[in-house]
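The lines below spell out each chain.
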Amino acid sequence: MTERPDSEPFPEVTAGLAMNSAVVDGLTIAGESRANLIRVLAIAIFFLQHCVNFYFLNTDDSLTERFHTQVILLVAAWGSLAAMVHHVVRRQSLPASFSLMTLMADLVLTFLLVNVAGGPQSALVLLFPIIVFSSALRQDLSLVRIAVAGSLFAYGVLLANYAWNQTGAERYYSESSLRIARSEQLIVAASIAVSGLMAGQIVRQRRILVAQRLTTVLASGEKSHG
């Protein structure tokens, strides 16, 4: 029976990666570094856009001093996370579960940011698919799955909090202007899920290519010494 070219792991994939864990560690470190670069750029772009809206445009009633303070605190926390990740990555040795911890921190901070920015009605819910995509850089399928599950859970909590706490269940279901269309909810959830499928395929293909290259190099080395 022929295995699909995108299936993972092949026997040679598993063997190739197991024979050189240093390569896997190098991929993880490089992925964490790139994810941190994206994190820094995203923070800078978001905060710049927020400052322009708050100080110069300010046409939205939701841009209050309280909201501005909350954004500053969240950006400071995210910036501190980025600085910590940069310091750890420079040592070229990541502690166990480090990537999981940084992923969970991104999910929590994204949840808090979306919550203070208007909850599930905010356009910032589109940050969740970005978090899922960024998990692919860490070359670990389990992290992709956690990113998808965490994003869907966070979005579900935001919906529940908006409907049952902020608005009130009676008002939410009786006033159509307050409800978030089911189609909109499904689009966001589907975006997160599809992002996970694509991120998973990226990780699989990357690992297969690296492992096959490793096994080829190792086989060539054995022949030259034979």
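Before reading on, note that the structure itself is shown above.
As the structure is a computational prediction, the values presented were derived from the model and not from experiment. (Residues numbered from 1 in each chain as written. Predicted model: local features only at pLDDT ≥ 70, side-chain atom pairs only at ≥ 80, totals over all residues. Heavy atoms only, no water.)

Visitor: Give me the nonpolar core: which residues, what numbers.
Guide: Within the largest apolar cluster, 39 residues are counted, with the highest numbers of intra-cluster contacts made by Phe 46, Trp 78, Leu 103, Leu 113, Val 114, Phe 128 and Ile 192. In this structure Phe 128 touches Thr 110, Phe 111, Val 114, Ser 151, Ala 154, Leu 158 and Ile 192, once residues within four positions along its chain are discounted. Core analysis: the next-biggest nonpolar cluster, separate from the first, contains five residues, Leu 141, Val 144, Ala 199 and Val 203 among them. (Core = buried A, V, L, I, M, F, W, Y, C linked by side-chain atoms within 4.5 Å. Buried < 20%, exposed > 50% of the residue type's maximum accessible area, 1.4 Å probe, protein only. Contact = heavy atoms within 4.5 Å.)

Visitor: Give a detailed account of helix 3 (residues 65-90), specifying residues and quantitative values.
Guide: Relative to the 38 Å expected for 26 residues at 1.5 Å per residue, helix 3 spans 37 Å between its end C-alpha atoms, a close match to the ideal helical length. Those residues of helix 3 that sit buried are Phe 67, His 68, Val 71, Leu 74, Val 75, Trp 78, Leu 81, Ala 82, Val 85, Val 88 and Val 89. A positive phi of about 60° marks Gln 92, the residue just after helix 3. (Helix = DSSP H or I, 4+ residues; strand = E, 2+ residues; numbered from the N terminus. Expected span 1.5 Å × (residues − 1).)

Visitor: Describe the pattern of salt bridges, with residues and values.
Guide: Under the criterion given, the structure shown has four salt bridges. The residue Arg 138 makes a salt bridge to Glu 32 at a minimum N-O spacing of 3.1 Å. Of this pair, Arg 138 sits in the loop between helix 5 (127-135) and helix 6 (141-166) while Glu 32 sits in helix 2 (residues 21-57), and the two are 106 residues apart along the sequence. Given a relative accessible area of 1%, Arg 138 falls into the buried group. The class of Glu 32 is buried, set by a relative accessible area of 0%. Here the residues in one salt-bridge network are Glu 32, Arg 39, Asp 106 and Arg 138, joined through shared partners. (Salt bridge = Lys/Arg side-chain N within 4 Å of Asp/Glu carboxyl O.)

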